[in-house]
Amino acid sequence: MCHMSACAILSYISIVFLKLVPLQHLKSRSQFLKVATLSIVFCASVVGGNISLRYLPVSFNQAVGATTPFFTALFAYLMTLKREAWVTYGALVPVVAGVVIASGGEPGFHWFGFIMCISATAARAFKSVLQGILLSSEGEKLNSMNLMLYMSPIAVIALLPVTLFMEPDVISVTLTLAKQHQYLWILLLVNSVMAYSANLLNFLVTKHTSALTLQVLGNAKGAVAVVISILIFRNPVTVMGIGGYSITVLGVVAYGETKRRFR
């Protein structure tokens, strides 16, 4: 909720006061509903991912997240009828197969955590395709900063009651931590500004490439997160799990190569 609040405030300042981009208005009820849906799905993907981390190791969570390109390709075809080259779809097979293999060899596997993780992954893919439509379609095109301006307040409104219900003591805990750590507010502010920057860049990458490419690029981050989580948290991994992760990473590399050759 802090991140979305920062996105709303900074987008407003950038557009209204700094005039970095012209202010765009929502043209129709249909466009508003798409923006609202994007906000809710975005919140669901983040919350679902956070819940899954209570039950699954970070390394396995990232491996499941690597299947996002598969769901993105599926939603892109269902929602926009956009097709990639068959070779590109073929490259996604090892991405998914690697996660299936890793699931079988994961010592800390938990069904509820897995369901939440795969649901968050699918929601993330749906969000990428929907934001691609809002950023690129001729009838409803918004620039990245304006999309952030309209999406963020809706996300804040959706998250506020959930936050107060699931974390009723969040305000007192935050104030207590602020007294104990004098730099907490600065860290929270920097963290929120970075979230705004990350979301804005996310939209720009989607606009200038595609939703599918965005998710495949994100898998590079996932591969690094797997290695770092194993080093920091010392969660056990099996030979089968390592093999599955490796196959997923190779699938990501193959996808990048097919996109380059069949542009």
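See the structure above.
Residues numbered from 1 in each chain as written. Predicted model: local features only at pLDDT ≥ 70, side-chain atom pairs only at ≥ 80, totals over all residues. Heavy atoms only, no water.

Enquirer: Report on the packing of aromatic side chains, specifying residues and quantitative values.
Expert: This structure, assessed with the given rule, holds 4 aromatic pairs. Relative to F17, the ring of Y12 has its centre 5.9 Å away and its plane inclined at 75°; by these criteria the two rings are edge-to-face. (Phe/Tyr/Trp six-rings, centres within 6.5 Å; stacked < 30°, edge-to-face > 60°.)

Enquirer: Now, about the state of the cysteines: what can you tell me, with residues and values included?
Expert: Covalent bonding between the sulfur atoms of two cysteines is what defines a disulfide. Enumeration according to the criterion identifies 0 disulfides in this entry. Looking at the unpaired C7, the closest cysteine sulfur is the one in C43, lying at 11 Å. (Disulfide = S-S within 2.5 Å.)

Enquirer: Can you tell me about the environment of G256, naming the residues and giving the values?
Expert: Tracing the backbone shows G256 in helix 11 (residues 239–261). Owing to a relative accessible area of 35%, G256 belongs among the partly exposed residues under this scheme. In this structure the C-alpha to C-alpha distance between G256 and T213, which are 43 residues apart in sequence, comes to 8.2 Å. (Helix = DSSP H or I, 4+ residues; strand = E, 2+ residues; numbered from the N terminus. Buried < 20%, exposed > 50% of the residue type's maximum accessible area, 1.4 Å probe, protein only.)

Enquirer: Let's hear about helix 4 (residues 68–80): which residues, and what values?
Expert: Think of an α-helix as 3.6 residues a turn; residues three or four steps apart then line up on the same face. In a regular helix each residue adds 1.5 Å, so 13 residues correspond to 18 Å; helix 4 covers 17 Å between its end C-alpha atoms and thus fits that length. Buried residues of helix 4: T68, P69, F71, T72, A73, F75 and A76, and no others. Just past helix 4, the residue L81 takes up positive phi, approximately 60°. (Expected span 1.5 Å × (residues − 1).)

Enquirer: Please provide a residue-by-residue account of the packing of helix 7 (residues 144–166) against helix 9 (residues 184–208), values included.
Expert: A pair of packed helices is characterised by two quantities: the angle between their axes and the separation of those axes. At their nearest, the axes of helix 7 and helix 9 sit 9 Å apart, and the two run at 125° to each other. In this view, helix 7 runs oblique relative to helix 9, as classed from their interaxial angle. The two elements helix 7 and helix 9 meet at a crossing, and its hand is right-handed. From helix 7, S144, M145, L147, M148 and M151 reach across to helix 9, where they touch Y196, N199, L200, F203, L204 and K207. Counted by class, the contact of helix 7 with helix 9 contains 8 nonpolar, 2 polar and 1 charged residues. (Axes fitted to C-alpha atoms, helices over the stretch in contact; angles between N-to-C directions. Parallel < 35°, antiparallel > 145°, perpendicular 65-115°, else oblique. Left-handed = near helix turned anticlockwise from the far one by under 90°. Contact = heavy atoms within 4.5 Å. Nonpolar A, V, L, I, M, F, W, Y, C, P; charged D, E, K, R; others polar.)

Enquirer: Would you mind going over the environment of L175 in detail, with residue names and values included?
Expert: Inspection of the secondary structure assignment puts L175 in helix 8 (residues 170–180). Counting along the chain gives 121 residues from L175 to R54, while the straight-line C-alpha distance between them is 25 Å.

Enquirer: So what's going on with the nonpolar core? Which residues, and what values?
Expert: The biggest cluster of nonpolar side chains holds 24 residues, and the ones touching the most others in it are M4, V35, L147 and M151. Listed by contribution, the elements that provide at least two residues to this core are helix 1 (2–17), helix 2 (29–52), helix 6 (111–136), helix 7 and helix 9. The contacts of V35, once residues within four sequence positions are left out, are L26, L134, L142, L147, Y150, M151 and I154. Core analysis: the second largest hydrophobic core is formed by 8 residues, F60, A63, F114 and C117 among them. (Core = buried A, V, L, I, M, F, W, Y, C linked by side-chain atoms within 4.5 Å.)

Enquirer: Let's hear about the packing of helix 1 against helix 9: which residues, and what values?
Expert: It is at 8 Å that the axes of helix 1 and helix 9 come closest, and there the two elements cross at 70°. With respect to their mutual orientation, helix 1 and helix 9 come out roughly perpendicular. Handedness of the helix 1/helix 9 crossing: right-handed. Mapping the contact onto sequence places C2, H3, M4, A6, C7, L10, S11 and S14 in helix 1 and L188, N191, S192, V193, A195, Y196 and N199 in helix 9. Looking at side-chain class alone, the contact of helix 1 with helix 9 contains 9 nonpolar, 6 polar and no charged residues.

Enquirer: Any chance you could break down a nonpolar patch on the surface for me, citing the residues and the numbers?
Expert: Where nonpolar side chains cluster on the molecular surface, the patch consists of I9, Y12, I13, F17, L18 and L20 and spans about 640 Å² of accessible area. Its relative accessible area of 52% is what places I9 among the exposed residues. (Patch = residues over 30% accessible without salt bridge, like charges linked within 9 Å, V, L, I, M, F, W, Y side chains within 5 Å. Areas by Shrake-Rupley, 256 points an atom, 1.4 Å probe, with all protein chains shown as cover. Salt bridge = Lys/Arg side-chain N within 4 Å of Asp/Glu carboxyl O.)

Enquirer: Give a description of the side chain of N146 that names residues and reports values.
Expert: By the secondary structure assignment, N146 is in helix 7. The exposure class assigned to N146 is buried, which follows from its relative accessible area of 0%. Side-chain polar atoms of N146 contact the backbone oxygen of P22, separated by 3.0 Å. Beyond its immediate chain neighbours, meaning those up to four positions away, N146 contacts I15, V21, P22, L23 and Q24. (Polar contact = N/O pair within 3.5 Å; in protein donor to acceptor, adjacent residues only side chain to side chain.)

Enquirer: Give a detailed account of the environment of S11, specifying residues and quantitative values.
Expert: Its place among the elements puts S11 in helix 1. Between the C-alpha atom of S11 and that of V35, which follows or precedes it by 24 residues, the distance is 15 Å. Not counting the four nearest positions on each side in its chain, S11 is found in contact with M145, M148, L149 and Y196. Within the structure, the side chain of S11 is placed 2.7 Å from the backbone oxygen of C7, a separation counted as a polar contact.

Enquirer: Go over unusual backbone geometry with me, naming the residues and quoting the values.
Expert: Within the chain, K19 stands out as a residue other than glycine whose phi angle is a positive 55°. Take K19: its relative accessible area is 63%, and that puts it in the exposed class.

Enquirer: Break down the side chain of N143 for me, with residues and values.
Expert: Along the chain, N143 falls in the loop between helix 6 and helix 7. Note on N143: relative accessible area 15%, which makes it buried. If sequence neighbours within four positions are ignored, N143 has contacts with V21, P22, Q24, L135 and K207.

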